[in-house]
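Fold and geometry: a report
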Amino acid sequence: MTPQTTDSSNQHIAFIGGGNMASAIIGGLLKRGLPASQIQVVEPFAEQRARLAQQFQIEVSETAGASLARATLAVWAVKPQTFRQAAEQSRAHTQAALHLSVAAGIRSSTIAGWLGTERVVRAMPNTPALIGQGMTALFARPAASAADRLAVERVVQTTGQYLWLDEEAQLDAVTALSGSGPAYVFYFIEAMIEAGTDMGLSREQAQQLAVGTFAGASALAHEATEPPEVLRARVTSKGGTTYAALTSMEQDGIKEKFMQAMHAARQRASEMGDEFGAA
Ligand SMILES: NC(=O)c1ccc[n+]([C@@H]2O[C@H](COP(=O)([O-])OP(=O)(O)OC[C@H]3O[C@@H](n4cnc5c(N)ncnc54)[C@H](OP(=O)(O)O)[C@@H]3O)[C@@H](O)[C@H]2O)c1
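Thresholds, definitions, all that
- Residues numbered from 1 in each chain as written.
- Predicted model: local features only at pLDDT ≥ 70, side-chain atom pairs only at ≥ 80, totals over all residues.
- Heavy atoms only, no water.
- UniProt positions renumbered as here; feature names shortened; annotations may be inferred.
- Buried < 20%, exposed > 50% of the residue type's maximum accessible area, 1.4 Å probe, protein only.
- Helix = DSSP H or I, 4+ residues; strand = E, 2+ residues; numbered from the N terminus.
- Pairing = 2+ DSSP bridges.
- Right-handed = clockwise from strand over helix to strand, strands pointing away.
- Near = heavy atom within 4 Å.
- Polar contact = N/O pair within 3.5 Å; in protein donor to acceptor, adjacent residues only side chain to side chain.
- Areas by Shrake-Rupley, 256 points an atom, 1.4 Å probe, with all protein chains shown as cover.
- Axes fitted to C-alpha atoms, helices over the stretch in contact; angles between N-to-C directions.
- Parallel < 35°, antiparallel > 145°, perpendicular 65-115°, else oblique.
- Left-handed = near helix turned anticlockwise from the far one by under 90°.
- Contact = heavy atoms within 4.5 Å.
- Patch = residues over 30% accessible without salt bridge, like charges linked within 9 Å, V, L, I, M, F, W, Y side chains within 5 Å.
- Salt bridge = Lys/Arg side-chain N within 4 Å of Asp/Glu carboxyl O.

Per an unreviewed UniProt entry, the protein chain goes by Pyrroline-5-carboxylate reductase and derives from Polaromonas naphthalenivorans. One UniProt comment on the protein chain, placed under Sequence similarities (unreviewed entry), says "Belongs to the pyrroline-5-carboxylate reductase family." We quote the UniProt Function (unreviewed entry) comment for the protein chain here in full: "Catalyzes the reduction of 1-pyrroline-5-carboxylate (PCA) to L-proline."

And the structure:
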């Protein structure tokens, strides 16, 4: 689905945890016109509270309190390690809310148990949400109504594209692919910049070329009707430079290693569900 404007005038959104992911979603919401007065954040870290208040002019509090009762939607953006403790602190004030968790790994049954409500939706977003180009996968517990799903969509569509999953376990794969994915892209960009500077380009030149190449290739892959391997073949002249680079990567098993790394990410998501979601 693609972003569109929808009426969100009745929504009041409380973020529990105001770190990187919450900031990315809040940035997307504000850019799309949600009034700052409809957003509040609970964030224990003083420096981060100051940053949020300064950057977004939203209400930020140190601890969970009665003001959370206004929330029609509670967005859980704490680390999986601290979710349980945060839930204990906030659950008394958020019983009327619909709950949206962005935490990796923590299963919706666990969340429903901690929060004392079945109205739980899980999301796996990513940080390009900050500029309205996020990718989010969603999974709803059966008790979440069509209206609940719509309320979640209203929030998520302000941050980019989204899709619904039928099976919760797929969220761990999504986490390994698009949740962590921006970090892989930045990692490759870093490597391209480093190699470019090694080969005599200035850092600025290498960065402009690397970032522009990712942007252009992504846009081409998005618009093209052919699959990525066909687009790749068009870059790879017989016996040429790309062939030399790809042969070197194949010989070093880069693709297999990269896939292995993604499996490690999915495995970690599942482990976090067991480790931090234990009753
Ligand atoms: N970053 C991503 O790209 C990304 C993508 C998809 C999903 N996620 C998920 O999003 C969640 C947040 O990740 P993040 O990267 O945003 O982490 P983060 O930057 O560390 O943000 C979490 C924030 O929650 C605060 N917090 C800790 N205990 C709290 C409590 N009891 N009540 C309220 N807030 C509390 C933390 O404060 P302290 O620092 O003082 O502990 C921290 O500022 C994680 O579950 C992660 O799996 C992240």
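There's more to say after this.
**Structural notes on the pairing of strand 7 (residues 134-140)**
In terms of burial, strand 7 is a largely internal element, 6 of the 7 residues being buried. In this structure, strand 6 (residues 120-124) lies alongside strand 7, joined through 4 bridges in antiparallel fashion. Bridge pairing in strand 7 places Ala123 opposite Leu138. In the sheet, strand 7 pairs with strand 8 (residues 160-164) via 5 bridges, with the strands oriented parallel. From the neighbouring strand, Ala137 faces strand 8, where its bridge partner is Leu163. Between the parallel pair strand 7 and strand 8, the chain is carried across by helix 5 (residues 146-156), and the sense of this crossover is right-handed.

**Thoughts on the UniProt feature "domain: Pyrroline-5-carboxylate reductase dimerisation" (unreviewed entry) in the protein chain**
Per the UniProt record, the feature "domain: Pyrroline-5-carboxylate reductase dimerisation" (unreviewed entry) sits at residues 168-272. Helix makes up 83% of residues 168-272 and strand 0%, whereas the separation of the span's terminal C-alpha atoms amounts to 15 Å.

**Points about the site of the ligand**
Within the structure, the ligand sits among 23 residues, and Asn20, Met21, Glu43, Val78 and Gln89 are positioned closest to it. For the ligand, an oxygen atom lies 2.9 Å from a polar atom in the backbone of Asn20. Between the ligand and Met21, the relevant distance is 2.7 Å, taken from an oxygen atom to a main-chain nitrogen or oxygen of the residue. Taking 890 Å² as the accessible area of the ligand by itself, protein coverage stands at 79%. Here the shell around the ligand gets 4 residues from one element, more than from any other, and that element is helix 3 (residues 80-90).

**Comments concerning the packing of helix 1 (residues 20-31) against helix 2 (residues 46-56)**
Interaxial distance between helix 1 and helix 2 falls to 11 Å at its minimum, and their mutual angle equals 15°. Judged by the angle between their axes, helix 1 and helix 2 are roughly parallel. Considering how the two elements wind past one another, helix 1 and helix 2 form a crossing that is right-handed. The residues of helix 2 that touch helix 1, namely those facing Ser23, Ile26, Gly27 and Leu30, are Gln48, Leu52 and Phe56.

**Some thoughts on a nonpolar patch on the surface**
A surface patch of nonpolar side chains, about 320 Å² in accessible area, is lined by Tyr187, Phe188 and Phe258. For Tyr187, the location among the structural elements is in helix 7 (residues 181-198).

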